[in-house]
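# Per-entry structural report
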Amino acid sequence: MQTTPNVQAYRAGLLTFHADPAFSERAHSWYEDGLLIVADGKIQAAGDWANLHATLPPDTPVTDYRGKIITAGFIDAHIHYPQTDMIASPAPGLLPWLEQYTFPTERAFADPAHAAGVAEFFLDELMRVGTTTALVYCTVHPQSVDAFFTASEARGLRMIAGKVMMDRHCPDFLCDTAERGALESEELIGRWHNRGRSQYAITPRFAPTSTEAQMELAGALARKYPDTYLQTHVSENEEECRWVKQLYPQARSYLDVYDRYGMLRPRAVFGHCIWLDGQDRARLAETKSAAAVCPTSNLFLGSGLFDFEEADKAGMLMALATDVGGGTSFSMLQTMNEAYKVARLKGSYLPALRMFYLSTLGAARSLHLDGTIGSLAAGNEADFIVLDPQATPLLARRTARTESLEEMLFALALLGDDRVIAATYSAGKRVHAREG
Ligand code: GUN
Ligand code: ZN
């Protein structure tokens with residue numbers, strides 16, 4: 001048989017999920033000496049080296065990552081690319097932080113060249129931390145969306161993004177109108193949604209910065225294009241929640257504002273979801289909407305602690321997310337580190353396996369993209385990462401003493417960051433290789 005040039009193989013420890021470890025005993029597969037076979041940018045097989053290597057076409061090159069772990073690429077369910085340059089800006093809470101840093105920083109994205117430059121840096125950074133798909137906020141400027149997708153498409157990445165809609169309670173230079181916001185969003189849907197690996201997210205920033213007219217039009221778009229995404233913020237901060245109550249006195253709750261405009265549906269992803277009640281959680285679950293859980297941001301801005309236990313009781317879809325620049329790290333490992341502590345402060349417990357699930361297959365399910373990304377299942381797009389348990393002297397020392405997969409993953413989550421990502425692959429192509 002002839003060697004097929006488009007087949008690649010990788011020998012490493014393989015970790016992949018089939019189900020949520022919180023609800024299933026057989027949620028993951030772990031192949032300590034595994035083989036991942038990729039053909040034409042898709043995963044062909046993942047399993048034990050001993051079983052699979054004989055199936056390789058003769059002379060197939062095998063990249064030797066023994067001692068390292070391959071998983072599906074991380075998925076970040078909520079991140080703002082325009083906030084890259086203002087990460088780690090100090091402010092006493094969400095609303096002053098938006099006024100002092102966020103809005104002035106987003107102003108510069110009126111300039112397509114500026115937007116393109118930041119998009120390139122942002123995507124480099126995602127690749128360095130092993131994030132192969134993200135649900136991304138752009139700014140109010142349509143050119144910020146064009147710049148982002150132009151850059152992600154050129155790299156062949158699976159990305160979801162959208163133009164912020166906001167027509168009140170923001171500086172004039174960031175204000176659209178209800179009509180213009182909807183028109184520009186629809187044009188962008190036409191231009192980018194389902195073009196290659198790009199998908200569009202309708203993006204009303206949050207209820208306080210949209211008039212009722214804008215909320216109506218955003219909801220109408222969400223109904224007209226049911227396979228687009230919808231992303232926004234909800235119940236992040238207590239002061240914000242009080243403001244929403246004043247602005248929308250007719251709504252039962254903050255989440256109910258979005259519900260009234262028809263925005264709860266599959267592929268709707270709500271950032272933060274901290275100050276919810278039981279009825280809100282039940283509505284998220286029954287509409288198959290998802291929560292994007294952003295622990296580094298929530299701790300940094302002092303917003304509050306996400307309740308994993310209540311979310312699980314309600315059966316909500318959820319995914320971990322960075323929320324850069326409110327979040328303080330691009331790394332999903334650092335995000336797991338903080339998620340673990342948030343759970344502890346709420347009296348609950350997040351095993352490392354669960355946190356890896358919530359950053360891979362759980363996130364793909366939240367985005368209704370399982371079967372495409374999020375695991376090493378045959379047929380999925382070959383977006384995967386190579387984790388190095390010896391990335392730092394301390395990690396090498398600690399992981400030499402771990403006695404289970406759970407302990408190993410826990411050490412990676414608590415001690416790891418971009419240095420752990422030895423390589424990142426998107427659609428079978430290596431898009432990042434760590435130096436050294
Ligand atoms: N609420 C409205 N806009 C934003 C934002 O940019 N970041 C965060 N964390 N919350 C928001
Ligand atoms: Zn956000």
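Report on the accompanying structure. (Residues numbered from 1 in each chain as written. Chains lettered and ligands numbered in written order. Predicted model: local features only at pLDDT ≥ 70, side-chain atom pairs only at ≥ 80, totals over all residues. Heavy atoms only, no water.)

## Focus on the packing of helix H4 (residues 142-154) against helix H5 (residues 178-192)
At a minimum axis distance of 10 Å, the contact between H4 and H5 shows a crossing angle of 15°. Considered as vectors, H4 and H5 are oriented roughly parallel to each other. Relative to H5, the crossing made by H4 is right-handed. Note on element contacts: H5 touches H4 through Glu 184, Leu 188, Arg 191 and Trp 192, opposite Pro 142, Val 145, Asp 146, Phe 149, Thr 150 and Glu 153. Broken down by class, the residue content of the contact of H4 with H5 amounts to five nonpolar, one polar and four charged. (Axes fitted to C-alpha atoms, helices over the stretch in contact; angles between N-to-C directions. Helix = DSSP H or I, 4+ residues; strand = E, 2+ residues; numbered from the N terminus. Parallel < 35°, antiparallel > 145°, perpendicular 65-115°, else oblique. Left-handed = near helix turned anticlockwise from the far one by under 90°. Contact = heavy atoms within 4.5 Å. Nonpolar A, V, L, I, M, F, W, Y, C, P; charged D, E, K, R; others polar.)

## Looking at the pattern of salt bridges
Inspection of the entire model under this criterion finds 27 salt bridges. A salt bridge links Arg 205 to Glu 106; its shortest N-O distance comes to 2.9 Å. A residue pair is termed long-range when its members are at least 10 positions apart, and Arg 205 in the loop between strand E9 (198-204) and helix H6 (212-224) and Glu 106 in helix H2 (residues 94-107) qualify at 99 residues. Arg 205 sits in the buried class, given a relative accessible area of 2%. Under the relative-accessibility criterion, Glu 106 is labelled buried at 0%. The shortest N-O distance in the salt bridge between Asp 280 and Arg 252 comes to 2.9 Å. Taken as a pair, Asp 280 in helix H9 (residues 278-286) and Arg 252 in the loop between helix H7 (238-247) and helix H8 (254-260) lie far apart in primary sequence, 28 residues in all. On the basis of relative accessible area, Asp 280 is assigned to the buried category, the value being 3%. (Salt bridge = Lys/Arg side-chain N within 4 Å of Asp/Glu carboxyl O. Buried < 20%, exposed > 50% of the residue type's maximum accessible area, 1.4 Å probe, protein only.)

## Points about the coordination of the zinc ion (ligand 2)
Around the zinc ion (ligand 2), the protein contributes the donor atoms His 78 (NE2), His 80 (NE2), His 233 (NE2) and Asp 323 (OD), at 2.0 to 2.2 Å from the metal centre. With four donor atoms in place around the zinc ion (ligand 2) and angles of 91 to 164° between them, the coordination shape is irregular. In the primary sequence, the donor residues of the zinc ion (ligand 2) line up as H-x1-H-x152-H-x89-D. Linking His 80 in strand E5 (residues 74-80) with Asp 323 in the loop between strand E13 (317-320) and helix H12 (332-345), this pair joins segments that are 243 residues apart in sequence. When sorted by exposure, His 80 lands in the same class as Asp 323, which is buried. (Donors = N, O, S within 2.8 Å, 3.2 Å for Na, K, Ca; no water. Tetrahedral: all angles 85-135°; square planar, octahedral: opposite > 155°, others 65-115°.)

## Observations concerning the site of ligand 1
Residues in contact with ligand 1, as listed here, are His 80, Gln 83, Leu 94, Trp 97, Leu 98, Arg 205, Phe 206, His 233, Glu 236, His 272 and Asp 323. Separating an oxygen atom of ligand 1 from a side-chain N or O atom of Arg 205 is a distance of 2.7 Å. Interatomic distance of 2.7 Å between a side-chain N/O atom of Asp 323 and a nitrogen atom of ligand 1. Contact with the protein chains hides 100% of the accessible area of ligand 1, taken as 280 Å² for the molecule alone. Tallied by class, residues from the shell around ligand 1 come to four nonpolar, four polar and three charged. (Near = heavy atom within 4 Å. Polar contact = N/O pair within 3.5 Å; in protein donor to acceptor, adjacent residues only side chain to side chain. Areas by Shrake-Rupley, 256 points an atom, 1.4 Å probe, with all protein chains shown as cover.)

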